[in-house]
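So you can see what is in the structure, the chains are spelled out below.
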Amino acid sequence: MTVTARRSPVRRRLLIALGASLVLLIGYSVYAIARPTVIRTELEIDATPDQVWSVLADRGSYPGWNPFIVSSTGDLVVGRTITNVLRDTNGKETEFSPKLLAVDPGRELRWIGRIGFGGVFDGEHTFRIEALPGGRSKLIQEETFRGVAVPFTTGMLRDTIEPQFHAMNRAIAGRIELKLP
């Protein structure tokens, strides 16, 4: 028997194992991207959609009242990039530069941020404002997280980011109350 003949079964097993690992990795990646983690909060506010929008869009005042997005700069124009600094419940600040997907005054502000190239950790953040009877509004803040790293961070997102969504929603309502006559 030659040396080549003895190595052939080992090589074949190695290639099969490598192929199986690759199939598992691809399957996991597709699963992780297709099954997003969604954090959604909402709050009814005694103000019109335009009043809610005026507080949300006045990003220069964020450092004075916003517990979650402590800074936000850049023009609110679809397709442009803005720079946000977020503070989680542990006080940790993170800067990122999402791309604006929707800017509809009085109705919606939406962007997408990515860590790494697309598909690793993507977050599409939305603020929606819905008109309610009696000059009231519903503020919906939602983020859809997708990517291969997301399943490993779901607990952290729920513990350190979701409470900040609630805190920001309440702070927007409080800020409006201060502005109302």
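Treat the numbers as computed from the prediction; the structure is a model and nothing was measured. (Residues numbered from 1 in each chain as written. Predicted model: local features only at pLDDT ≥ 70, side-chain atom pairs only at ≥ 80, totals over all residues. Heavy atoms only, no water.)

J.: Could you give an account of the environment of Val70, with specific residues and numbers?
T.: If you trace the backbone, Val70 turns up in strand S2 (residues 69-73). Considered as a pair, Val70 and Glu93 are 23 residues apart in the sequence and their alpha carbons are 8.6 Å apart. Setting aside chain neighbours within four positions, we find Val70 in contact with Tyr62, Pro63, Val85, Arg87 and Glu93. (Helix = DSSP H or I, 4+ residues; strand = E, 2+ residues; numbered from the N terminus. Contact = heavy atoms within 4.5 Å.)

J.: Just give me the short version of helix H2 (residues 49-57), but keep the residues and values in it.
T.: Residues three or four positions apart in an α-helix share a direction because the helix packs 3.6 residues into each turn. Here H2 has its buried residues at Pro49, Val52, Trp53, Val55 and Leu56. Relative to the axis of H2, the buried residues are bounded by an arc of 165° and lie together on one face. (Buried < 20%, exposed > 50% of the residue type's maximum accessible area, 1.4 Å probe, protein only. Arc of directions from axis to C-beta.)

J.: Would you mind going over the sheet that holds strand S3 (residues 83-87) in detail, with residue names and values included?
T.: Within the open sheet, the 3 strands sit side by side as S2-S3-S4. Their pairing is antiparallel. In this open sheet, the two strands that pair with only one neighbour each are S2 and strand S4 (93-96). This sheet shows a mean twist of 10° between the axes of neighbouring strands, independent of strand direction. (Pairing = 2+ DSSP bridges. Axes fitted to C-alpha atoms, helices over the stretch in contact; angles between N-to-C directions.)

J.: Can you explain the environment of Ile176? Please cite residues and give values.
T.: Structurally, Ile176 can be placed in helix H4 (residues 154-179). The spatial distance from the C-alpha of Ile176 to the C-alpha of Ser54 is 8.9 Å, given a sequence separation of 122 residues.

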